Amino acid sequence: METEIERINCYEDERFSKTALYQHGAFLVNGRPYEVEVTGGNSAVIRGEDAGLYPEIIDTFRFYAGHITRFVDANGALVREFPAVEIFRVRLERVQPSQFYVDETKLAAVKTFICGPEDIVIPVIPDGDGYISLDGHTRLAAAIDLGYEEVCAFIEEDAGYIHGFVAEARKRGIFTPYDMKRVSHEEYDVLWNKFCDDYFAEMGALGDNSAQKS
């Protein structure tokens, strides 16, 4: 039977710890709750009843957090370890967002687990003398609010579709994280999710199947 993995994107769910929910490490796997909690640096702990499902859950989690390379179970036993990812510092003004909006509800949740700029790690691709952020835009907004001028980053594979997002961001006057617009959770659902749905639908109509995430 194919494993069904659903990432939980809300912040209120009694089946999961608040930490897992706030870190977006809560998953329903074949209808059962599993958690991946980042514990610092490149490490995380994975919890859930069937350890045989851990590898698939880890792969799903790393799609969004490729810098996490070491996973242990609730008893501290090593589950999986990947080659280390090079992390470097980048100034906020050198980051070109590929997103337009920041969900204020998500922003409040993200701030609960950030203790310093080293806790903000985003995937990027080179772009001239700067970088394009592929994900982590809420964390970039949190860095601004917390007064950080730098965050951590790592180089990710270039997702070809992202350049269409960047072009649209620049049309809207968004050139750094400071330019992103703060909106309510309800507005975000309408504005950003609709844009993504329409964009990928158009790409599908053109026969481009390369898009994976925003």
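Residues numbered from 1 in each chain as written. Predicted model: local features only at pLDDT ≥ 70, side-chain atom pairs only at ≥ 80, totals over all residues. Heavy atoms only, no water.

**Re the pattern of salt bridges**
The condition that has to hold: A carboxyl oxygen of Asp or Glu within 4 Å of a side-chain nitrogen of Lys or Arg is what we treat as a salt bridge. Counting from the N terminus, the helices are the DSSP runs of H or I reaching at least four residues and the strands are the DSSP runs of E reaching at least two. Exposure classes here rest on a 1.4 Å probe applied to the protein chains alone. A residue is buried below 20% of its type maximum, exposed above 50%, and partly exposed in between.
Across all of its chains, the model carries 15 salt bridges by this definition. Put simply, Lys111 and Asp145 hold a salt bridge, and the shortest N to O gap is 2.8 Å. Linking Lys111 in helix α3 (residues 104–111) with Asp145 in helix α4 (residues 137–145), this pair joins segments that are 34 residues apart in sequence. Overall, the relative accessible area of 31% leaves Lys111 in the partly exposed class.

**Describing the sheet that holds strand β1 (residues 5–7)**
Let me state the cut-off plainly: At least two bridges found by DSSP between two strands are what make those strands a pair. Lines fitted to the C-alpha atoms define the axes, with helices restricted to the stretch that makes contact. Angles between their N-to-C directions range from 0 to 180 degrees.
Taken in spatial order, the 6 strands line up as β1-β2-β3-β4-β5-β6 in an open sheet, and their pairing is mixed. Two strands lie at the open edges of the sheet, namely β1 and β6 (78–81), each paired on one side alone. Ignoring strand direction, the axes of neighbouring strands in this sheet form an average angle of 25°. Bridge analysis of strand β4 (residues 43–47) against strand β5 (residues 70–72) gives 3 bridges, and the strand direction is parallel. The residue of β5 that forms the bridge with Val45 is Val72.

**Things to note about the environment of Gly48**
So the rule is basically this: Residue contacts are defined here by distance: any two heavy atoms, one from each residue, within 4.5 Å place the two residues in contact.
For Gly48, the location among the structural elements is in the loop between β4 and α2 (54–64). Judged by relative accessible area, which is 27%, Gly48 ranks as partly exposed. Here the alpha-carbon distance between Gly48 and Tyr188, two residues 140 residues apart in the chain, equals 31 Å. Once you skip the residues sitting within four places of it in the chain, Gly48 turns out to touch Pro33, Tyr34 and Tyr54.

**So, the nonpolar core**
Let me state the cut-off plainly: By nonpolar core is meant a set of buried Ala, Val, Leu, Ile, Met, Phe, Trp, Tyr and Cys residues that side-chain atoms within 4.5 Å join together.
Counting 37 residues, the largest nonpolar core has Phe100, Ile120, Ile122, Leu140, Val151, Phe165 and Trp192 as the members making the most contacts within it. Of all elements in the fold, only β9 (101–103), α3, β10 (121–127), β11 (130–133), α4, β12 (150–155), α5 (162–171) and α6 (185–205) reach the threshold of two or more residues within this core. Judged by nonpolar contacts, the second largest core, of 15 residues, contains Phe27, Ile57, Phe61 and Ile68.

**A few points about the packing of aromatic side chains**
For clarity, the cut-off: Only Phe, Tyr and Trp rings are paired, with Trp represented by its six-membered ring, and only when their centres lie within 6.5 Å; those with planes under 30 degrees apart are stacked, over 60 edge-to-face, the remainder tilted.
Taken as a whole and judged by the stated rule, the model has 18 aromatic pairs. Both rings, one in Tyr11 and one in Tyr22, keep their centres 5.9 Å apart while their planes meet at 55°; by these two values the pair is tilted. With Tyr11 in the loop between β1 and α1 (18–22) and Tyr22 in helix α1, this residue pair connects regions lying 11 residues apart in the sequence. Classification of Tyr22 by relative accessible area gives partly exposed; the value is 22%. A centroid spacing of 5.6 Å and a plane angle of 80° characterise the contact between Tyr161 and Phe165, whose relative ring orientation is edge-to-face. Judged by its relative accessible area of 4%, Tyr161 falls in the buried class. Looking at Phe165, the relative accessible area reads 0%, which means it is buried. A network of ring pairs unites the aromatic residues Phe100, Tyr101, Tyr161, Phe165, Trp192, Phe195, Tyr199 and Phe200 as a single cluster.

Don't take any of this as a statement about function, it's just geometry.
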